[in-house]
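Examining the three-dimensional arrangement
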Amino acid sequence: MILPKSSSELKRLFETSSLPDIQRLHGEYLVDMLTVWPSFKKFSHRKVVYRKNGIVQGHNVLFNMVWGRFTLEEGICRDVDSGGAALINYDSHENSFPVRRIRDYIRCVEGGNLYIGRFYYRIADRLQFLGYFSLEKIK
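Before going into details, it helps to say that this report is about the structure given with it. The structure presented is a predicted model; accordingly, all values stated were derived computationally and were not measured. (Residues numbered from 1 in each chain as written. Predicted model: local features only at pLDDT ≥ 70, side-chain atom pairs only at ≥ 80, totals over all residues. Heavy atoms only, no water.)

As a further point, take the side chain of Arg46. Among the structural elements, Arg46 can be located in strand 2 (residues 46–52). Looking at Arg46, the relative accessible area reads 15%, which means it is buried. A polar side-chain atom of Arg46 sits 2.8 Å from a polar atom in the side chain of Glu28. A distance of 3.0 Å separates a polar atom in the side chain of Arg46 from the backbone oxygen of Ser44. The contact partners of Arg46, leaving out residues within four places of it in the chain, are Glu28, Tyr29, Leu30, Val31, His59, Asn60, Val61, Asn64 and Ile138. (Helix = DSSP H or I, 4+ residues; strand = E, 2+ residues; numbered from the N terminus. Buried < 20%, exposed > 50% of the residue type's maximum accessible area, 1.4 Å probe, protein only. Polar contact = N/O pair within 3.5 Å; in protein donor to acceptor, adjacent residues only side chain to side chain. Contact = heavy atoms within 4.5 Å.)

Right under this line is the structure:
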């Protein structure tokens, strides 16, 4: 599936996409930054998702380096439509202070293989929206 390019079309796609089943998320997903940020897709930027001690968690890989450990939990994307989304939460002691402030909300676009996400950064007590990205399951 070819994703739209404009922020307004991406927002519409996010609004119409479904709530992902967190328990079914596992494996590797190629990350493609769709707006604002440069995409490192060609460098195989990916999220690796797995279950450990009954918790769905994961980390990012870029340039063959692991960074940004996270947990997945149910969340609500309040500034779009207050609908459900999977929250990728980087608030972990394993991450550096700047990384701990990242929050991503994702929804399923296509049968567990393609997700659209909204990238946020916590400043004080507010989440600042920074752009869209996609996650595509690596087979």
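When the charged atoms of two side chains with opposite charge come close together, those side chains can pair. Under the definition given, this model contains six salt bridges. The closest approach of N and O atoms between Lys47 and Asp104, which form a salt bridge, is 3.6 Å. Taken together, the residues Lys47 in strand 2 and Asp104 in strand 6 (residues 102–110) connect sequence positions 57 residues apart. Judged by relative accessible area, which is 3%, Asp104 ranks as buried. Close ionic contact of Asp91 with Arg103 constitutes a salt bridge, the shortest N to O distance being 3.8 Å. Of this pair, Asp91 sits in the loop between strand 5 (83–89) and helix 2 (97–100) while Arg103 sits in strand 6, and the two are 12 residues apart along the sequence. (Salt bridge = Lys/Arg side-chain N within 4 Å of Asp/Glu carboxyl O.)

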